[in-house]
Amino acid sequence: MAGVSTTCPKVLFVCLGNICRSPLAQGVMEAVAREAEVELVVDSAGTGAYHVGEAPDPRGQATAKRHGLDTSGQRARQATKADFDDFDLVVAMDRDNYAHLRRLASADMVKAKLRTFMSYVPEDGRKDVPDCWYADDPEESFEDVYSVFVLGCPRILDELLASRASS
């Protein structure tokens, strides 16, 4: 994150391997911030180290591309305890990721910074962003999660900006 303003909000999206859901969420969030003309640091990571250094899943990249986004330059990395110091908000894609991240941070950091993505899309009714990797129809699953990200990312941006304005 060298060269990026430290005064702008920072959000980290986290899934299991950092090749399916979180890279697509990162791409959508970057587009939302660009459209709003807001400087925002966006990154993604995985709770596991299965795919460190790999590009996002080609099916996810194809979904992003269909919607005018380019996620091809992203590379998977593993979430660390330091991420709670570096980011204003850490957003887990599902309850398992949330539980893993919760073990990395202090109770205060968890309360202040850790959320599940679906908490921003309560009208959807699901508790977790579905994992495209295990879907019966991955292409349809990537489109489904893309639509969830389109709903939730503007709400996340609003929360980040409101918390910056009040501090």
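Conventions adopted
Residues numbered from 1 in each chain as written. Predicted model: local features only at pLDDT ≥ 70, side-chain atom pairs only at ≥ 80, totals over all residues. Heavy atoms only, no water. Phe/Tyr/Trp six-rings, centres within 6.5 Å; stacked < 30°, edge-to-face > 60°. Helix = DSSP H or I, 4+ residues; strand = E, 2+ residues; numbered from the N terminus. Buried < 20%, exposed > 50% of the residue type's maximum accessible area, 1.4 Å probe, protein only.

Per an unreviewed UniProt entry, the chain is named Protein tyrosine phosphatase, and its organism is Thecamonas trahens ATCC 50062.

Once that is clear, we can look at the packing of aromatic side chains. Between two aromatic rings, the relevant description is the distance of the centres plus the angle of the planes. All told, the structure shown has two aromatic pairs when counted by the stated rule. Seen from their ring centres, Phe13 and Phe117 are 6.1 Å apart, and the 50 degrees between their planes marks the pair as tilted. Within this pair, whereas Phe13 is found in strand β1 (residues 10–15), its partner Phe117 is found in the loop between β4 (114–116) and α6 (138–166), the two being separated by 104 residues in sequence. Phe117 shares its class with Phe13; the two are buried. Taking the centre distance of 5.0 Å and the plane angle of 75 degrees together, the rings of Phe117 and Phe149 count as edge-to-face. Of this pair, Phe117 sits in the loop between β4 and α6 while Phe149 sits in helix α6, and the two are 32 residues apart along the sequence. Both residues of the pair, Phe117 and Phe149, count as buried. An aromatic cluster of three or more residues is present, and its members are Phe13, Phe117 and Phe149.

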